[in-house]
Amino acid sequence: MNLFATLEQAYQTAQAALEAAGDTSALEAWYADTLGRKGAITLQVRSVGQLPAEERPAFGKRVNEIKQALEAAYAARAEAIKQAELTRELEAGAVDVTLPGRPVPLGHLHLTTQTLRQIYTIFARMGFEVYDAPDVELESYNFDLLNIPEYHPARDMWDTFWMQQIHNSPTRLLLRTHTSPGQMRAMRERYPEPIRVILPGKCYRYEQITARSEHQFYQVEGLAVGKRITMTDLIGTLTQFAAMFYGPGHKMRVRSSYFPFTEPSIEMDMDCILCGGKGCRVCKYTGWLEIAGAGMVHPVVLKNGGYDPDEWSGFAFGFGVERPAMLKYNVSDIRYFYGNDLRFLRQF
Ligand code: FA5
């Protein structure tokens, strides 16, 4: 066959193959087979030597035209395939923004945190600020400075988790058994200012876990130190707290009690939230529920805190957080609080 005719046929074949290339990889293969180093059209150029000299320029010109035409057709086809592939990808991965969203499960505050926040709000309205004290305490702050020396029988009231002794340390560390050591920290930091703080925090006791007792639980301590603070201020503060926390209209009573760091010491009771004072299982048939242990800050404790007891006086109180929450929300067992059973936690 005439070389010109062969060239035209190769051109037609190449055009048809280009039309048939449906994706990027087919297109790349087409380019290699047609315009690549050993492609059908490229090889045509080499046959020019078989032609008589006068026909060669015309043949060369035609080959170049065909090459340019195919390059242009290739570029157009490549663009069309790229667009088609992009459209396919977008359609496959399309998000229908009108579909309803999948709900993300939302948590909420733990009952203890909710209760603590209620307590903070109530005391904030009475002018108490929140004072933070450490969970790991010095033995002296937890006991000695609060008028509980080493062999004092009151230490039995608080069974203690001791920390491992730091090498050569003169003082022992423990997990605080109550929030009262925070009193000493607040006094030593604030002297000679008057003080009105609550000290919330976790307490740790090495004791039997029962329906009413955990070995980790929260307390809120209160401390007011000033020039003319009296027992009446203490009773008024706790009565106001009870009315705001448990609701108004409760009867209150004061019993004398004993704590080494308060003198005199009292316990405040409120008529039973469940039976209204008639007597039931919750109040152990007494009609009364204990609200807090409290008293006037002992002169020794004031002095240890830096305040002269002849000039200053103060009151302190302390109560749990889980037990009041149990009463308020009718929870029968303290172990539910930290058992991580979502069926319990979701109720609040
Ligand atoms: C004290 O811890 C005193 N520091 C309170 C105090 C402060 C008195 C300031 C005077 C002045 P008591 O050991 O009674 O006291 O504990 C106080 C409250 O903590 C209890 O009424 C109870 O609500 C809570 N509590 C005590 N032990 C546990 C326990 N194991 N589990 C849950 N709550 C507890």
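Residues numbered from 1 in each chain as written. Predicted model: local features only at pLDDT ≥ 70, side-chain atom pairs only at ≥ 80, totals over all residues. Heavy atoms only, no water.

K.L.:
Account for unusual backbone geometry, naming residues and giving values.
P.N.:
The omega angle of the peptide bond from Tyr191 to Pro192 is 5 degrees, so this bond is cis rather than trans. Examined against the element boundaries, Pro192 turns out to sit in the loop between α7 (181-190) and β5 (195-204). For Asn147, which is not a glycine, the phi torsion comes out positive at approximately 70 degrees. One can find Asn147 in the loop between α6 (139-142) and β3 (161-162). Look at Asn147 and you get partly exposed, because its relative accessible area is 23%. Although it is not a glycine, Tyr285 adopts a positive phi angle of roughly 60 degrees. Position of Tyr285 relative to the elements: it lies in the loop between β8 (262-271) and β9 (288-297). (Helix = DSSP H or I, 4+ residues; strand = E, 2+ residues; numbered from the N terminus. Buried < 20%, exposed > 50% of the residue type's maximum accessible area, 1.4 Å probe, protein only.)

K.L.:
Provide a residue-level description of the environment of Lys38, including the pertinent values.
P.N.:
For Lys38, the position within the fold is in the loop between α2 (24-34) and α3 (40-46). Overall, the relative accessible area of 66% leaves Lys38 in the exposed class. Sequence separation of Lys38 and Ala224 is 186 residues, and the distance between their C-alpha atoms is 97 Å.

K.L.:
Tell me about helix α1 (residues 3-20), and name the residues and values.
P.N.:
For α1, which comprises 18 residues, the first-to-last C-alpha distance of 26 Å matches the rise-based estimate of 26 Å (1.5 Å per residue) to within 8%. Along α1, the residues classified as buried are Leu3, Leu7, Ala10, Tyr11, Ala14 and Leu18. For α1, the angular spread of the buried residues around the axis is 105 degrees, confining them to a single face. The exposed set on the far side of α1, more than 90 degrees from its buried face, consists of Gln12, Thr13, Glu19 and Ala20. Elements in contact with the buried residues of α1: α2, α3 and α4 (56-92). Of the residues flanking the start of α1, the one acting as N-cap is Asn2, its side-chain oxygen 2.5 Å from the backbone nitrogen of Phe4. (Expected span 1.5 Å × (residues − 1). Arc of directions from axis to C-beta. Contact = heavy atoms within 4.5 Å. Polar contact = N/O pair within 3.5 Å; in protein donor to acceptor, adjacent residues only side chain to side chain.)

K.L.:
Describe the sheet that holds strand β6 (residues 216-226), with residues and values.
P.N.:
Spatially, 7 strands are ordered β1-β5-β6-β10-β9-β8-β7 in an open sheet, and the strand pairing comes out mixed. The open sheet has two edge strands with one neighbour each: β1 (129-130) and β7 (252-259). Judged from the 10 bridges that link them, β5 and β6 form a sheet pairing that is antiparallel. Bridging across to β6, Pro200 finds its partner in Val220. This element, α7, spans β1, β5, β6, β9 and β10 (313-320) of the sheet and lies at about 145 degrees to β5. The strands that helix α8 (residues 231-246) touches are β7, β8, β9 and β10; relative to β8, the one it contacts most, it runs at about 30 degrees. (Pairing = 2+ DSSP bridges. Axes fitted to C-alpha atoms, helices over the stretch in contact; angles between N-to-C directions.)

K.L.:
So, the domain arrangement of the protein chain: which residues are in play, and what are the values?
P.N.:
Parsing the protein chain into structural domains produces domain 1 (3-92) and domain 2 (113-345). Summarising the inter-unit geometry, the C-alpha centres of domain 1 and domain 2 are found 91 Å apart. (Domains from an automatic or database assignment.)

K.L.:
Pulling in residues and values, what's your account of the nonpolar core?
P.N.:
In this structure, Ile119, Phe123, Phe241, Phe315, Phe317 and Phe319 are the most contacted members of the largest nonpolar core, which totals 33 residues. Of all the secondary structure elements, the ones that give two or more residues to this core are α5 (111-125), β6, α8, β8, β9 and β10. Top element by residues in this core is α8. It accounts for 6 residues. If near-sequence neighbours (up to four positions away) are discounted, Ile119 is found in contact with Val220, Phe241, Phe245, Phe319 and Val321. Core analysis: the second largest hydrophobic core is formed by 25 residues, Phe143, Met187, Phe261 and Tyr307 among them. (Core = buried A, V, L, I, M, F, W, Y, C linked by side-chain atoms within 4.5 Å.)

K.L.:
Explain the pairing of β5 to me, using residue names and the numbers behind them.
P.N.:
When you tally the buried positions in β5, you get 8 out of 10 residues, the bulk of the element. Across 2 bridges, the pairing between β1 and β5 is parallel. Counted as the bridge partner of Glu129 is Val197 from β5.

K.L.:
Quick rundown of the sheet that holds strand β4 (residues 173-175)? Include the residues and the values.
P.N.:
Across the sheet, which stays open at both edges, the 3 strands sit in the order β2-β4-β3 with antiparallel pairing between neighbours. Strand pairing shows two members of the sheet lacking a second neighbour, β2 (136-138) and β3, which therefore form its edges. In this sheet, β4 lies alongside β2 in antiparallel orientation, the contact comprising 3 bridges. Of the residues in β4, the one forming a bridge with Leu138 is Leu173.

K.L.:
Requested: an account of the site of the ligand, with residues and values cited.
P.N.:
Close to the ligand lie 25 residues; His178, Ser180, Arg205, Glu207 and Glu214 are nearest. Interatomic distance of 2.8 Å between a backbone N/O atom of Glu214 and a nitrogen atom of the ligand. At 3.2 Å from an oxygen atom of the ligand is found a main-chain nitrogen or oxygen belonging to Gly320. The fraction of the free accessible surface of the ligand (680 Å²) that becomes covered by protein chains is 91%. Listed by contribution, the elements that provide at least two residues to the shell around the ligand are β6, β9 and β10. Considering every element that reaches the shell around the ligand, the biggest residue donor is β10, with 5 residues. (Near = heavy atom within 4 Å. Areas by Shrake-Rupley, 256 points an atom, 1.4 Å probe, with all protein chains shown as cover.)

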